[in-house]
Amino acid sequence: MRTIGILGGMGSYATCAIFQRLLDAFPAEKEWDRPRILIDNNCAMPSRVRAILYGEHEERLVREMSKSVEHLAAAGADRTLLGCMTAHYFRPRLPHQDKVMDVLAETRRELAGHYSPGTGISCLCTEGSVQTGIWEKALLGYTVRYPDAEGMAQLRKFIEAVKQNRVTGETRRAFSQFVKAQPGQCVLLGCTELPLLVENDGLERELVDPIAYAIQYLRKDCGT
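Each residue is numbered by its place in its chain's sequence as written, counting from 1. With pLDDT at 70 or above as the cut-off, local features in this predicted model cover only qualifying residues; side-chain atom pairs require 80 or more to be listed or tallied, and sums for whole chains, interfaces and linings still use all residues. Only hydrogens and water are set aside; all other atoms, that is, all heavy atoms of the structure, feed into the side-chain values.

1. Notes on the packing of helix α1 (residues 12-25) against helix α9 (residues 210-222)
Here is step 1: The angle between two axes is taken between their N-to-C directions and runs from 0 to 180 degrees, where each axis is a line fitted to C-alpha atoms and a helix contributes only its stretch in contact. Runs of E in the DSSP output that reach at least two residues are strands. Runs of H or I that reach at least four are helices, and both are numbered from the N terminus. The contact between α1 and α9 brings their axes to 10 Å, and the two run at 45°. Looking at the two axes, α1 sits oblique to α9. Read as a crossing pair, α1 and α9 show a hand that is right-handed. Residues Ile18, Arg21, Leu22 and Ala25 of α1 lie in contact with α9, whose contacting residues are Ile211, Ala212, Ile215, Leu218 and Arg219.
Here is step 2: Looking at the contact of α1 with α9, its residues break down into seven nonpolar, no polar and two charged. By definition in this entry, angles of less than 35 degrees are roughly parallel, angles greater than 145 are roughly antiparallel, angles of 65 to 115 are roughly perpendicular, and the rest are oblique. Here a crossing is taken to be left-handed if its near helix is turned anticlockwise relative to the far helix by less than a right angle, and right-handed if that turn runs clockwise. Two residues qualify as a contact provided that any one of their heavy atoms is within 4.5 Å of a heavy atom in the partner residue. Side-chain classes are defined by residue name, with Ala, Val, Leu, Ile, Met, Phe, Trp, Tyr, Cys and Pro counting as nonpolar, Asp, Glu, Lys and Arg as charged, and the others, Gly among them, as polar.

2. Points about the pattern of salt bridges
Here is step 1: We define a salt bridge as a side-chain nitrogen of Lys or Arg found within 4 Å of a carboxyl oxygen belonging to Asp or Glu. Taken as a whole and assessed by the stated rule, the structure comprises eleven salt bridges.
Here is step 2: Linking aspartate 221 and arginine 79 is a salt bridge whose minimum nitrogen-to-oxygen distance equals 3.1 Å. With aspartate 221 in helix α9 and arginine 79 in strand β3 (residues 79-82), the pair connects residues that are 142 residues apart, well separated along the chain.
Here is step 3: In this structure arginine 79 comes out as buried when scored by relative accessible area, which is 16%.
Here is step 4: A single network of salt bridges, built from pairs that share partners, joins Arg2, Arg79 and Asp221. The rule is simple: take the accessible area with a 1.4 Å probe, protein chains only, and divide by the maximum for that residue type; under 20% is buried, over 50% is exposed, in between is partly exposed.

3. Side note on the sheet that holds β3
Here is step 1: DSSP calls a pair of strands paired once it identifies at least 2 bridges connecting them. Strand order across the open sheet formed by three strands is β2-β1-β3, with parallel pairing between neighbours. Strand pairing shows two members of the sheet lacking a second neighbour, β2 (37-41) and β3, which therefore form its edges. Between one strand axis and the next, the sheet turns through 20° on average, direction left out of account.
Here is step 2: Sheet analysis places strand β1 (residues 4-8) next to β2, joined by five bridges and oriented parallel. Bridge pairing in β2 links glycine 8 to asparagine 41.
Here is step 3: Strands β1, β2 and β3 of the sheet are contacted by α1, whose axis makes an angle of about 175° with β2.
Here is step 4: Contacts from helix α3 (residues 58-74) reach β1, β2 and β3 within the one sheet, and its direction differs from that of β1 by about 160°.

Pasting the structure below:
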(Lines give C-alpha, C1' and ligand atoms only; values in the text may rest on other atoms or scores of the structure.)
Protein backbone atom coordinates (compact mmCIF):
# COMPACT_ATOMS: atom_id res chain seq x y z
CA MET A 1 0.00 0.00 0.00
CA ARG A 2 1.38 3.40 -1.00
CA THR A 3 1.81 6.50 1.18
CA ILE A 4 -0.15 9.72 0.66
CA GLY A 5 1.27 13.15 1.48
CA ILE A 6 -0.73 16.35 1.99
CA LEU A 7 0.94 19.72 1.67
CA GLY A 8 -1.50 21.58 3.91
CA GLY A 9 -1.87 24.74 5.90
CA MET A 10 -3.40 26.64 2.97
CA GLY A 11 -5.63 26.81 5.07
CA SER A 12 -5.53 24.48 7.98
CA TYR A 13 -9.26 23.71 8.28
CA ALA A 14 -9.41 22.71 4.63
CA THR A 15 -6.45 20.42 5.33
CA CYS A 16 -8.33 18.81 8.23
CA ALA A 17 -11.33 18.24 5.97
CA ILE A 18 -9.17 16.64 3.27
CA PHE A 19 -7.67 14.30 5.88
CA GLN A 20 -11.16 13.35 7.09
CA ARG A 21 -12.34 12.70 3.55
CA LEU A 22 -9.30 10.50 2.87
CA LEU A 23 -10.08 8.44 5.96
CA ASP A 24 -13.67 8.05 4.78
CA ALA A 25 -12.44 7.04 1.32
CA PHE A 26 -10.50 4.11 2.73
CA PRO A 27 -12.98 2.31 5.02
CA ALA A 28 -11.30 -0.35 7.12
CA GLU A 29 -12.03 -2.55 10.12
CA LYS A 30 -8.41 -2.15 11.26
CA GLU A 31 -6.33 1.03 11.10
CA TRP A 32 -3.49 -0.78 9.35
CA ASP A 33 -5.77 -1.48 6.41
CA ARG A 34 -5.61 2.19 5.44
CA PRO A 35 -2.71 3.83 3.61
CA ARG A 36 -0.23 5.88 5.58
CA ILE A 37 -1.07 9.59 5.36
CA LEU A 38 1.57 12.26 6.01
CA ILE A 39 0.55 15.90 6.56
CA ASP A 40 2.81 18.94 6.50
CA ASN A 41 0.46 21.66 7.74
CA ASN A 42 2.81 24.44 6.68
CA CYS A 43 0.57 27.37 7.61
CA ALA A 44 3.61 29.67 7.91
CA MET A 45 3.85 29.96 4.12
CA PRO A 46 3.12 33.34 2.53
CA SER A 47 -0.22 33.96 0.83
CA ARG A 48 -0.52 32.35 -2.58
CA VAL A 49 -3.01 34.97 -3.73
CA ARG A 50 -0.84 37.92 -2.69
CA ALA A 51 2.20 36.32 -4.30
CA ILE A 52 0.27 36.19 -7.58
CA LEU A 53 -1.47 39.55 -7.41
CA TYR A 54 1.39 41.62 -5.99
CA GLY A 55 4.51 39.46 -6.30
CA GLU A 56 4.65 39.47 -2.51
CA HIS A 57 7.16 36.92 -1.12
CA GLU A 58 6.81 34.80 -4.25
CA GLU A 59 10.28 33.26 -4.13
CA ARG A 60 9.94 32.54 -0.42
CA LEU A 61 6.60 30.87 -1.07
CA VAL A 62 8.07 28.58 -3.73
CA ARG A 63 10.99 27.74 -1.43
CA GLU A 64 8.64 26.85 1.43
CA MET A 65 6.40 24.75 -0.80
CA SER A 66 9.46 22.99 -2.20
CA LYS A 67 10.77 22.23 1.30
CA SER A 68 7.44 20.71 2.26
CA VAL A 69 7.37 18.55 -0.86
CA GLU A 70 10.95 17.44 -0.13
CA HIS A 71 10.08 16.62 3.49
CA LEU A 72 7.05 14.59 2.47
CA ALA A 73 9.00 12.71 -0.20
CA ALA A 74 11.83 12.00 2.24
CA ALA A 75 9.30 10.66 4.74
CA GLY A 76 7.98 8.24 2.13
CA ALA A 77 5.11 9.99 0.33
CA ASP A 78 4.45 8.34 -3.03
CA ARG A 79 1.82 10.93 -3.98
CA THR A 80 1.51 14.45 -2.58
CA LEU A 81 -1.74 16.38 -2.75
CA LEU A 82 -1.54 20.18 -2.70
CA GLY A 83 -4.23 21.34 -0.27
CA CYS A 84 -4.83 24.54 -2.24
CA MET A 85 -6.03 24.96 -5.82
CA THR A 86 -4.38 28.38 -6.28
CA ALA A 87 -1.05 26.82 -5.24
CA HIS A 88 -1.17 24.73 -8.42
CA TYR A 89 0.04 27.80 -10.30
CA PHE A 90 3.41 27.19 -8.65
CA ARG A 91 3.36 23.41 -9.13
CA PRO A 92 5.70 23.40 -12.20
CA ARG A 93 8.40 24.97 -10.00
CA LEU A 94 8.26 22.28 -7.31
CA PRO A 95 10.52 19.23 -6.99
CA HIS A 96 9.33 15.64 -7.44
CA GLN A 97 6.99 16.45 -10.31
CA ASP A 98 6.23 12.75 -10.66
CA LYS A 99 4.86 12.67 -7.10
CA VAL A 100 3.01 16.00 -6.81
CA MET A 101 -0.55 15.52 -8.04
CA ASP A 102 -1.99 17.86 -10.64
CA VAL A 103 -5.54 18.09 -9.32
CA LEU A 104 -6.53 20.52 -12.07
CA ALA A 105 -5.58 17.99 -14.76
CA GLU A 106 -7.39 15.25 -12.85
CA THR A 107 -10.49 17.46 -12.76
CA ARG A 108 -10.28 17.91 -16.52
CA ARG A 109 -10.07 14.15 -17.06
CA GLU A 110 -13.11 13.53 -14.89
CA LEU A 111 -15.14 16.34 -16.45
CA ALA A 112 -14.50 14.93 -19.91
CA GLY A 113 -16.52 11.87 -18.93
CA HIS A 114 -19.51 13.89 -17.71
CA TYR A 115 -19.71 17.14 -19.69
CA SER A 116 -19.26 17.85 -23.38
CA PRO A 117 -16.92 20.59 -24.65
CA GLY A 118 -18.46 24.04 -24.50
CA THR A 119 -20.41 23.31 -21.32
CA GLY A 120 -20.80 26.39 -19.15
CA ILE A 121 -18.97 26.06 -15.82
CA SER A 122 -19.22 28.64 -13.05
CA CYS A 123 -15.82 28.61 -11.35
CA LEU A 124 -15.72 29.69 -7.71
CA CYS A 125 -12.09 30.30 -6.79
CA THR A 126 -9.65 32.90 -5.45
CA GLU A 127 -8.62 36.10 -7.21
CA GLY A 128 -5.21 34.50 -7.67
CA SER A 129 -6.69 31.63 -9.65
CA VAL A 130 -8.69 34.08 -11.77
CA GLN A 131 -5.62 36.25 -12.39
CA THR A 132 -3.47 33.32 -13.57
CA GLY A 133 -6.26 31.64 -15.52
CA ILE A 134 -5.25 28.22 -14.19
CA TRP A 135 -8.77 26.86 -14.43
CA GLU A 136 -9.35 28.22 -17.93
CA LYS A 137 -6.12 26.55 -19.08
CA ALA A 138 -6.96 23.29 -17.33
CA LEU A 139 -10.52 23.26 -18.69
CA LEU A 140 -9.70 24.36 -22.21
CA GLY A 141 -12.72 23.87 -24.46
CA TYR A 142 -15.24 24.53 -21.69
CA THR A 143 -16.90 27.89 -21.07
CA VAL A 144 -15.46 28.97 -17.73
CA ARG A 145 -17.18 31.88 -16.01
CA TYR A 146 -16.25 33.70 -12.81
CA PRO A 147 -18.38 35.85 -10.49
CA ASP A 148 -18.29 39.60 -11.10
CA ALA A 149 -16.32 41.94 -8.82
CA GLU A 150 -19.09 42.05 -6.23
CA GLY A 151 -19.43 38.28 -6.34
CA MET A 152 -15.68 37.79 -5.92
CA ALA A 153 -15.71 40.03 -2.85
CA GLN A 154 -18.54 37.95 -1.39
CA LEU A 155 -16.72 34.73 -2.27
CA ARG A 156 -13.61 35.99 -0.49
CA LYS A 157 -15.67 36.41 2.69
CA PHE A 158 -16.91 32.83 2.43
CA ILE A 159 -13.36 31.53 2.04
CA GLU A 160 -12.09 33.61 4.97
CA ALA A 161 -14.94 32.37 7.17
CA VAL A 162 -13.66 28.83 6.70
CA LYS A 163 -10.02 29.80 7.19
CA GLN A 164 -10.92 31.54 10.47
CA ASN A 165 -13.27 28.74 11.61
CA ARG A 166 -16.21 31.16 11.75
CA VAL A 167 -18.69 29.18 9.67
CA THR A 168 -22.27 29.32 10.96
CA GLY A 169 -25.60 28.05 9.71
CA GLU A 170 -26.22 31.49 8.30
CA THR A 171 -22.89 31.34 6.43
CA ARG A 172 -23.88 28.04 4.84
CA ARG A 173 -27.33 29.31 3.89
CA ALA A 174 -25.82 32.43 2.31
CA PHE A 175 -23.34 30.28 0.39
CA SER A 176 -26.16 28.05 -0.81
CA GLN A 177 -28.00 31.06 -2.22
CA PHE A 178 -24.77 32.33 -3.77
CA VAL A 179 -24.19 29.03 -5.56
CA LYS A 180 -27.78 28.79 -6.78
CA ALA A 181 -27.45 32.23 -8.38
CA GLN A 182 -24.44 31.21 -10.50
CA PRO A 183 -24.95 30.66 -14.25
CA GLY A 184 -23.81 27.62 -16.20
CA GLN A 185 -24.70 23.95 -16.11
CA CYS A 186 -22.46 23.22 -13.13
CA VAL A 187 -20.55 25.02 -10.39
CA LEU A 188 -16.90 24.21 -9.76
CA LEU A 189 -15.68 24.47 -6.16
CA GLY A 190 -12.27 25.74 -7.19
CA CYS A 191 -11.01 26.48 -3.68
CA THR A 192 -10.47 23.81 -1.02
CA GLU A 193 -12.35 25.83 1.61
CA LEU A 194 -15.61 25.79 -0.33
CA PRO A 195 -16.66 22.14 0.16
CA LEU A 196 -16.80 22.87 3.90
CA LEU A 197 -19.68 25.27 3.22
CA VAL A 198 -21.87 22.77 1.38
CA GLU A 199 -24.85 21.72 3.47
CA ASN A 200 -25.72 18.05 3.80
CA ASP A 201 -28.90 18.40 1.80
CA GLY A 202 -27.00 19.74 -1.19
CA LEU A 203 -27.37 22.96 -3.14
CA GLU A 204 -29.76 21.88 -5.88
CA ARG A 205 -26.96 22.46 -8.39
CA GLU A 206 -24.51 20.18 -10.15
CA LEU A 207 -21.27 20.62 -8.21
CA VAL A 208 -17.76 19.83 -9.40
CA ASP A 209 -15.44 19.15 -6.47
CA PRO A 210 -11.78 18.73 -7.52
CA ILE A 211 -10.83 17.27 -4.14
CA ALA A 212 -13.40 14.50 -4.64
CA TYR A 213 -11.74 13.66 -7.96
CA ALA A 214 -8.28 13.76 -6.36
CA ILE A 215 -9.37 11.37 -3.63
CA GLN A 216 -10.98 9.09 -6.20
CA TYR A 217 -7.62 8.93 -7.98
CA LEU A 218 -5.76 8.27 -4.73
CA ARG A 219 -8.09 5.41 -3.87
CA LYS A 220 -7.04 3.68 -7.08
CA ASP A 221 -3.38 4.66 -6.90
CA CYS A 222 -2.64 4.21 -3.20
CA GLY A 223 -5.06 1.48 -2.15
CA THR A 224 -4.18 -2.15 -1.66
